[in-house]
Amino acid sequence: MPPASTGASTIVVDASAPSSPVTTTAAPAAAHERLEPGRPGYRRMSFALFAAGVAAFALLYSTQALLPAVSASFGATAGQASWTVSAATGALALFVLPLSALSERFGRRQMMTASLAIAVVVGLLVPFAPSMGALIALRAVQGAALAGLPASAMAYLAEEVRPKALIAAIGLFVAGNSIGGMSGRILTGWVAQAWGWRAALGAVGLLALACAVAFHFLIPKARNFRPGSLNPKALAKTVATHLADPLLVRLYAIGALFMTVFGAVYTVIGYRLIEEPFSLPQGVIGSIFLVYLVGTVSSAAAGRLVARLGRRGALYLAVSTTTAGLLLSLADRLAAVLLGLVLITAGFFAGHAVASSSVSRTATTGRAQASALYQSAYYLGSSAGGTLGAVAFHAGGWTATVALGLLAVLGVVSITLYGTRVARAERRALVPATR
């Protein structure tokens, strides 16, 4: 396997290594055979986690395509309305670590099921929010509920799927995210144009309900999970260990910076397209999110990119693609803006799939916590990108939002270049020892 994306050597996850920082309550049982393409249960698992990804992203970003309509309904600015997105992603970032710890005790499958159920119930209440404050509060609760899904899903895959198939499996879960983000925005755009933004949010709630039911009946039981009793000191020690690992910290930063770009662009794009010279209606703006299909392809292809280019090479390609998209989107021609969004989406999802799979393969213990820290950084990046992107747009228009995105991309390049230097230094240091 190629070296990890930021330069340090890859640590292969041992199937027999405990993934939990908690104290196990029973003697370790022999590990069951892991899932891989062609084996029983792999297809069910893939469909189940794909459905979970659809529900999670459809709910998490359900108000993003509706921000101009929400602003008009409550007389709010773009920056104020952006909090209906940022509150959800920020709450997810804050709660993902404690909920991942609970998954170590009660199980990945149980945590994912409960998270989806609560988020769906809140999603069916969101359309009835009487004020902007109430809407933001409900969205924060929804984000906190969804926090139990991402890290638990990554840990579930790391425990149940063979290492060689892990990137492809995570890529499919990320692909479900892209489909959820796309379908939710398209659905809300057209429903809002016909019946208003409240009906649009209700439609997303029903879509998520169907996906949650499918997940519940399809997801296979965990065969390699060993529950343990909660141990706060051990948890704190595990978190501190992960944060002291330079490779993991670089991966967390890369995920946050990629998501800053993505959050800024997709929070603000509706405001840009509803204004001159585009003046597009809400339904057409929602359909713009069909470009998420590109993210589905690029995230699912991340494994092949890594095999051909290496992890750092795949990251450089993702960065170059995202940068080209940001620059293209500056044009005042709709075709150029659409092509820019395609490139930004492809670059983001490829970079995210590479970085998140690197985290899962690097952590040998406390994998749920390692994934949770990545998710925290990732969604903090989303929250910061959405709010800062809206503030930048209010202050300097789309050009200022693009400048924010380019600054974040520069951060990814700097981190990856630094990782390359570290890897080269490590290889040079090992040469005398092998003689």
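Thresholds, definitions, all that
- In every chain, residue numbers begin from 1 and rise along the written sequence.
- Only residues with pLDDT of at least 70 get local features here, since the model is predicted, and only at 80 or more are side-chain atom pairs given and counted; chain-wide, interface and lining totals rely on the full set of residues.
- The side-chain numbers reported here are obtained from all heavy atoms of the structure, hydrogens and water having been left aside.
- Segments assigned H or I by DSSP are reported as helices when at least four residues long, segments assigned E as strands when at least two residues long, and all are numbered from the N terminus.
- Two residues qualify as a contact provided that any one of their heavy atoms is within 4.5 Å of a heavy atom in the partner residue.
- We call Phe, Tyr and Trp rings a pair once their centres come within 6.5 Å, taking the six-membered ring for Trp, and we label the pair stacked below 30 degrees between planes, edge-to-face above 60, and tilted otherwise.
- The cut-offs for exposure are 20% and 50% of the maximum accessible area for each residue type, with area from a 1.4 Å probe on protein chains only; residues under the lower value are buried, those over the upper are exposed, and the others partly exposed.
- What counts as an axis is a line fitted to C-alpha atoms, over the stretch in contact for a helix, and the angles between N-to-C directions run from 0 to 180 degrees.
- Helix crossings fall into two classes, left-handed where the near helix is turned counterclockwise from the far one by less than a right angle and right-handed where it is turned clockwise.
- Gly falls in the polar group here, along with every residue not listed as nonpolar (Ala, Val, Leu, Ile, Met, Phe, Trp, Tyr, Cys, Pro) or charged (Asp, Glu, Lys, Arg).
- Take the number of residues in a helix, subtract one, and multiply by 1.5 Å to get its expected span.
- In this description, the arc belongs to the directions extending from the helix axis to the C-beta atoms.
- Residues form patches when they are more than 30% accessible in relative terms and have no salt bridge. Like charges link within 9 Å. Nonpolar side chains (Val, Leu, Ile, Met, Phe, Trp, Tyr) link within 5 Å.
- Each accessible area value is a Shrake-Rupley result obtained with a 1.4 Å probe; residue values ignore everything except the protein chains displayed when judging cover.
- We define a salt bridge as a contact between a side-chain nitrogen of Lys or Arg and a carboxyl oxygen of Asp or Glu at a distance within 4 Å.

**Digging into the overall build of the protein chain**
Move 1: For the protein chain, the count of helices and strands is 16 helices and 2 strands.
Move 2: Contacts in the protein chain between residues at least 24 apart in sequence constitute 85% of all its contacts with a sequence separation of at least 6.

**Quick look at unusual backbone geometry**
Move 1: Of note, the bond from glutamate 276 into proline 277 is cis; its omega dihedral lies within 30 degrees of zero at 5°.
Move 2: Looking at the secondary structure, you find proline 277 in the loop between α11 (246-274) and α12 (282-287).
Move 3: Even without a glycine there, the phi angle at serine 279 is positive, about 50°.

**Some points on the side chain of threonine 321**
Move 1: One can find threonine 321 in helix α14 (residues 302-328).
Move 2: Setting aside anything within four residues of it in sequence, one finds threonine 321 in contact with Leu343, Ile344, Ala346 and Gly347.

**Overview of the packing of aromatic side chains**
Move 1: In this structure the tally under the stated criterion is 10 aromatic pairs.
Move 2: Seen in terms of ring centroids, tyrosine 378 and tyrosine 379 are 4.7 Å apart; in terms of plane orientation they differ by 85°. Their pairing is edge-to-face.
Move 3: Given the relative accessible area of 1%, tyrosine 378 is considered buried.
Move 4: The class of tyrosine 379 is buried, set by a relative accessible area of 4%.

**Considerations on the packing of α14 against helix α15 (residues 334-362)**
Move 1: In the contact formed by α14 and α15, the axes pass within 7 Å of each other and the chain directions differ by 145°. Crossing hand, α14 versus α15: left-handed.
Move 2: Among the residues making up the contact of α14 with α15, the classes are represented as 19 nonpolar, 8 polar and 2 charged.

**Structural notes on helix α5 (residues 108-125)**
Turn by turn, an α-helix covers 3.6 residues, leaving residues three or four places apart pointing in a common direction.
Move 1: Here α5 is 18 residues long and its end C-alpha atoms lie 26 Å apart, about the 26 Å a rise of 1.5 Å per residue gives.
Move 2: Among the residues making up α5, those that are buried are Arg108, Met111, Met112, Ser115, Leu116, Ala119, Val120, Val122 and Gly123. Here the buried residues of α5 occupy an arc of 165° about the axis, which is enough to place them on one side.

**A look at a nonpolar patch on the surface**
Move 1: On the surface, Leu124, Leu206, Leu209, Val213 and Phe217 cluster together to form a nonpolar patch covering roughly 460 Å² of accessible area.
Move 2: Per element, the largest residue contribution to the nonpolar patch is 4 residues, and it comes from helix α9 (residues 197-218).

**Remarks on the pattern of salt bridges**
Move 1: Inspection of every chain in the model, using the stated rule, returns 2 salt bridges.
Move 2: The residue glutamate 159 makes a salt bridge to arginine 108 at a minimum N-O spacing of 2.4 Å. Separated by 51 residues along the polypeptide, glutamate 159 in helix α7 (residues 150-160) and arginine 108 in helix α5 bring together distant segments of the chain. Across the pair, arginine 108 and glutamate 159 agree in class, each one buried.
Move 3: Residue aspartate 332 is joined to arginine 272 by a salt bridge in which the shortest nitrogen-to-oxygen separation is 3.1 Å. Placement of aspartate 332 in the loop between α14 and α15 and of arginine 272 in helix α11 is noted, with a sequence separation of 60 residues between them.
Move 4: A residue is classified by how much of its surface remains accessible, and arginine 272, at 7% relative accessible area, is buried.

**Here we look at the side chain of serine 376**
Move 1: Positionally, serine 376 belongs in helix α16 (residues 367-434).
Move 2: Sequence-distant contacts of serine 376, that is, excluding residues within four places in its chain, are made with Ala93, Val96 and Leu97.

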